[in-house]
Amino acid sequence: MLNTRISARLKREAAEAIAAQENANITEEEAKQAIEQLDSQTLQEVAIHLIAGETEAAKDTLAVHTNLSNQQIEGFIMGVQEDIKKQVDEFKDQANETLETATAYAQGVIWTEFIAMLLSLIAAIAGAQYGSSCVERLHSIAVTRCTTA
């Protein structure tokens, strides 16, 4: 998605170069060549440099692989950095929402497990008391029978 944004911005910058060809003395052929030079490998290289925070390397890559002016390259880099920052902020927000959801689910599971263990403990205590009282009664009945007999 970010690569698509970068590609669109580069092509828009090249289109602006075509539109401004009278003022900038750029021929239509040079503008077409700039657009054709924007292959996926160049875009990927520029994106990697920008994501890594290496703006000068990204500018150098654009300067080497396109006919865009320094001013156009500077405008492109500033715009793409804004896009990258927005995208990173969106990813952070999504990650925080996912973390909050996972935390809520984990808390629910822990409370459910705690309640289940508590109920198991209560059942074990009740069973032990009931079982021990039965054994005690049976023992007293057996002792009573033995002594009366």
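What you see is a predicted model; the values in this text were computed from it and never measured.

**Student:** An account of the pattern of salt bridges is needed here, citing residue identities and associated values.
**Tutor:** Inspection of every chain in the model, using the stated rule, returns 1 salt bridge. Of the charged contacts in the structure, one is a salt bridge between Lys59 and Glu56, with a shortest N-O distance of 3.5 Å. In this pair, Lys59 and Glu56 both sit in helix 5 (residues 55–65), 3 residues apart, roughly one turn of the helix. Residue classification places Lys59 among the buried positions, given a relative accessible area of 15%.

**Student:** Please set out a nonpolar patch on the surface residue by residue, giving values where relevant.
**Tutor:** On the surface, a cluster of nonpolar side chains totalling about 820 Å² of accessible area is made up of Trp111, Phe114, Ile115, Leu118, Leu119, Leu121, Ile122 and Ile125. Tracing the backbone shows Leu121 in helix 6 (residues 70–148). Relative accessible area serves as the criterion here: at 49%, Leu121 is assigned to the partly exposed category.

**Student:** Outline helix 5, listing residues and values.
**Tutor:** Looking only at helix 5, the buried set comprises Ala58, Lys59, Thr61 and Leu62. Seen from one end, helix 5 has its buried residues packed into an arc of 160 degrees, which puts them on one side.

**Student:** Please set out the nonpolar core residue by residue, giving values where relevant.
**Tutor:** Counting 10 residues, the largest nonpolar core is built from Val46, Leu50, Ala58, Leu62, Leu68, Ile73, Phe76, Ile77, Val80 and Ile84. Going through the elements one at a time, helix 4 (40–51), helix 5 and helix 6 are the ones with two or more residues in this core. Of all the elements, helix 6 adds the most residues to this core, at 5 residues.

**Student:** Describe in detail the environment of Val46, supporting the description with residues and values.
**Tutor:** Here Val46 lies in helix 4. A relative accessible area of 0% places Val46 in the buried class. A sequence separation of 31 residues divides Val46 from Ile77, and the C-alpha atoms of the two residues are 9.3 Å apart. If we ignore the near neighbours within four places in the chain, the residues touching Val46 are Ala58, Thr61, Leu62 and Phe76.

Cut-offs used in this document
- Residues numbered from 1 in each chain as written.
- Predicted model: local features only at pLDDT ≥ 70, side-chain atom pairs only at ≥ 80, totals over all residues.
- Heavy atoms only, no water.
- Salt bridge = Lys/Arg side-chain N within 4 Å of Asp/Glu carboxyl O.
- Helix = DSSP H or I, 4+ residues; strand = E, 2+ residues; numbered from the N terminus.
- Buried < 20%, exposed > 50% of the residue type's maximum accessible area, 1.4 Å probe, protein only.
- Patch = residues over 30% accessible without salt bridge, like charges linked within 9 Å, V, L, I, M, F, W, Y side chains within 5 Å.
- Areas by Shrake-Rupley, 256 points an atom, 1.4 Å probe, with all protein chains shown as cover.
- Arc of directions from axis to C-beta.
- Core = buried A, V, L, I, M, F, W, Y, C linked by side-chain atoms within 4.5 Å.
- Contact = heavy atoms within 4.5 Å.

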